[in-house]
Amino acid sequence: MKTLLLPTQPFYRIGEAEGVYAARAAKGWILKKSGRYFDRYEKAEPQTLQYRLEFFKSAGPDAEQLELYEGAGWKLVSYCAYNGRTVFVSASPLAEELYSDPDASLNMLRRLRWARLTDGIMVALFAALEACQLSGFGRRGLWQMLAVSDSLLVIGALIAALLVFKGCYGIVRLSMLVRRIKRGKKIDHNARISGIER
C-alpha cells in the first residue's frame, strides 16, 4: 500500500489543518497518523471525510470520551502523546460537532495556548542562556562544545531563533482565535491555507 509522509500541520491552524486533511482524503490520501513532526497518509479511494482536531492533556482521551465522540459520529484516527494532538474523522456530513458550546472550545484553546506558552518559555530560556554563554559571560556554551566551526554555531543560533519565533507566532494566532470565539464566531473547519494546494 502506498504511503505518504508530509509535515504535520501547525498546531495553531486548527480549521485549516482540518480542511487540508479533508481535501487530501478527497484526492485519495487518507490520514492514518498525525505525529509530532509528520502526518502519514495511505492511498485509497477518494472519500468525502470531515476531520476535527482536539487537544488533550498528556493522558489522551479516555474510554468515556471516546464513547461519547463515537456516539456523535466521530472515530479516533490518531493521538500524539507529545502535544496531545488528537484527530477524529467522520464520513457522515451529519455528524454532531464536537464543540457546540463556545466555552468548551475556549477551554480547549486555552489549554493548548498554555502548553505552547510553557514550551516557548523553555526554548527562549535555553536560547537566552546560550546567548549569554556565547557572548563571553560564561565558559564554553553547549553549542560551542558541539560546533566544529563558527558557521555551525551561527546555524544553531538561527534555528533556535526560528523556533522561538514560530512558537510566539503560534501563541499569537491562538490568542486571535480565542478572541474570535469570544466574539461569537466559530472555528472555520474548512478554512484554506494560502499557498498550500488542497
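What you see is a predicted model, and the numbers here were worked out from it, not measured in a lab.

K.L.:
Can you help me understand the overall build of the chain in this one?
P.N.:
Scanning the chain from N- to C-terminus turns up 5 helices and 6 strands. Overall, the chain shows an N-to-C arrangement of helices and strands of β-α-β-β-β-α-β-β-α-α-α. Every one of the 198 residues in the chain was classed for burial, and the buried ones make up 38%. Of the contacts formed within the chain by residues at least 6 apart in sequence, a portion of 62% connects residues at least 24 apart. A total of about 12,100 Å² of accessible surface is found on the chain, and carbon and sulfur atoms cover 60% of it.

K.L.:
What is the right way to look at the side chain of Thr8 in this model?
P.N.:
Following the sequence through the fold, Thr8 ends up in the loop between β1 (3-7) and α1 (14-26). Among the polar contacts made by the side chain of Thr8, one reaches the main-chain amide nitrogen of Phe38 at a distance of 2.9 Å. If near-sequence neighbours (up to four positions away) are discounted, Thr8 is found in contact with Ser34, Gly35, Arg36, Tyr37, Phe38, Asp39 and Arg85.

K.L.:
Explain the environment of Ser175 to me, please; I cannot follow it from the model alone.
P.N.:
When you line up the elements, Ser175 lands in helix α5 (residues 150-182). With relative accessibility at 15%, the residue Ser175 sits in the buried group. Taking the C-alpha atoms as reference points, Ser175 and Arg110, separated by 65 residues in sequence, lie 8.4 Å from one another.

K.L.:
Could you clarify how one ought to interpret the pattern of salt bridges in this entry?
P.N.:
Opposite charge on two side chains allows them to pair when their charged atoms are near. For the structure shown, the criterion picks out 3 salt bridges. Of the charged contacts, one joins Glu18 and Arg52 as a salt bridge, the two residues approaching to 4.0 Å between their closest N and O atoms. Within this pair, whereas Glu18 is found in helix α1, its partner Arg52 is found in strand β4 (residues 50-55), the two being separated by 34 residues in sequence. The exposure class of Glu18 is buried, given its relative accessible area of 1%. Judged by its relative accessible area of 6%, Arg52 is buried. The partner of Arg40 in a salt bridge is Glu42, with the nearest N and O atoms 3.2 Å apart.

K.L.:
Looking at this structure, how should I read the layout of surface pockets?
P.N.:
Leftover empty space is mapped by rolling, across the atoms, a probe with the size of a water molecule. Reported here for the largest pocket is a volume of approximately 790 Å³. Those elements that provide at least two residues to the lining of the largest pocket are α3 (102-134) and α5. Its residues placed into classes, the lining of the largest pocket shows 13 nonpolar, 5 polar and 5 charged.

K.L.:
Just to check I follow, could you spell out the sheet that holds strand β3 (residues 38-43) for this structure?
P.N.:
The 3 strands are arranged β1-β3-β2 in an open sheet whose pairing can be described as antiparallel. The open sheet has two free edges, formed respectively by β1 and β2 (29-34), since each of these has just one partner strand. Strand-to-strand twist in this sheet, taken as the mean axis angle between neighbours without regard to direction, amounts to 30°. Sheet topology places β2 next to β3; 5 bridges connect them, and they run antiparallel. Pairing of Lys33 across the sheet is with Arg40, part of β3. Here α1 sits on the sheet and contacts β1, β2 and β3; the angle it forms with β2, its principal contact strand, is near 135°.

K.L.:
I keep staring at the side chain of Arg85 and nothing clicks. Help me out?
P.N.:
Considering the arrangement of structural elements, one finds Arg85 in strand β6 (residues 85-90). It is Asp39 that comes nearest to the buried, bridge-free Arg85 among opposite-charge side chains, at 4.8 Å. Only 2.7 Å separates the side chain of Arg85 from the side chain of Tyr21, close enough to count as a polar contact.

K.L.:
What exactly am I supposed to notice about a negative patch on the surface here?
P.N.:
On the surface, Asp62, Glu64, Glu67 and Glu70 cluster together into a patch of negative charge. Take Asp62: it is sitting in the loop between β4 and α2 (63-71).

K.L.:
Please explain the packing of aromatic side chains as it appears in this structure.
P.N.:
Note on aromatic pairs: each is described by the distance of the centres and the angle between the planes. Across all of its chains, the model carries 4 aromatic pairs by this definition. Consider the rings of Tyr21 and Tyr51, whose centres lie 5.6 Å apart with planes at 65°: the pair is edge-to-face. Within this pair, whereas Tyr21 is found in helix α1, its partner Tyr51 is found in strand β4, the two being separated by 30 residues in sequence. Taking relative accessible area as the criterion, Tyr21 reaches 1% and is therefore assigned buried. Judged by relative accessible area, Tyr51 falls into the buried class, the value being 1%. With a centroid separation of 6.3 Å and an interplanar angle of 20°, the aromatic rings of Phe165 and Tyr169 are classed as stacked. With a gap of 4 residues between them, Phe165 and Tyr169 both fall in helix α5, about one helical turn apart.

The rules behind these values
Residues numbered from 1 in each chain as written. Predicted model: local features only at pLDDT ≥ 70, side-chain atom pairs only at ≥ 80, totals over all residues. Heavy atoms only, no water. Helix = DSSP H or I, 4+ residues; strand = E, 2+ residues; numbered from the N terminus. Buried < 20%, exposed > 50% of the residue type's maximum accessible area, 1.4 Å probe, protein only. Contact = heavy atoms within 4.5 Å. Areas by Shrake-Rupley, 256 points an atom, 1.4 Å probe, with all protein chains shown as cover. Polar contact = N/O pair within 3.5 Å; in protein donor to acceptor, adjacent residues only side chain to side chain. Salt bridge = Lys/Arg side-chain N within 4 Å of Asp/Glu carboxyl O. 1 Å grid on protein atoms, 1.4 Å probe; cavity = no way out; pocket = protein on both sides within 12 Å on 5 of 7 lines; lining within 4 Å. Points joined across faces, edges and corners; volume = space filled by probe spheres on them. Nonpolar A, V, L, I, M, F, W, Y, C, P; charged D, E, K, R; others polar. Pairing = 2+ DSSP bridges. Axes fitted to C-alpha atoms, helices over the stretch in contact; angles between N-to-C directions. Lys, Arg positive; Asp, Glu negative; His and termini not counted. Patch = residues over 30% accessible without salt bridge, like charges linked within 9 Å, V, L, I, M, F, W, Y side chains within 5 Å. Charge placed at Lys NZ, Arg CZ, Asp CG, Glu CD. Phe/Tyr/Trp six-rings, centres within 6.5 Å; stacked < 30°, edge-to-face > 60°.

Function cannot be inferred from these measures alone, as they are strictly geometric.
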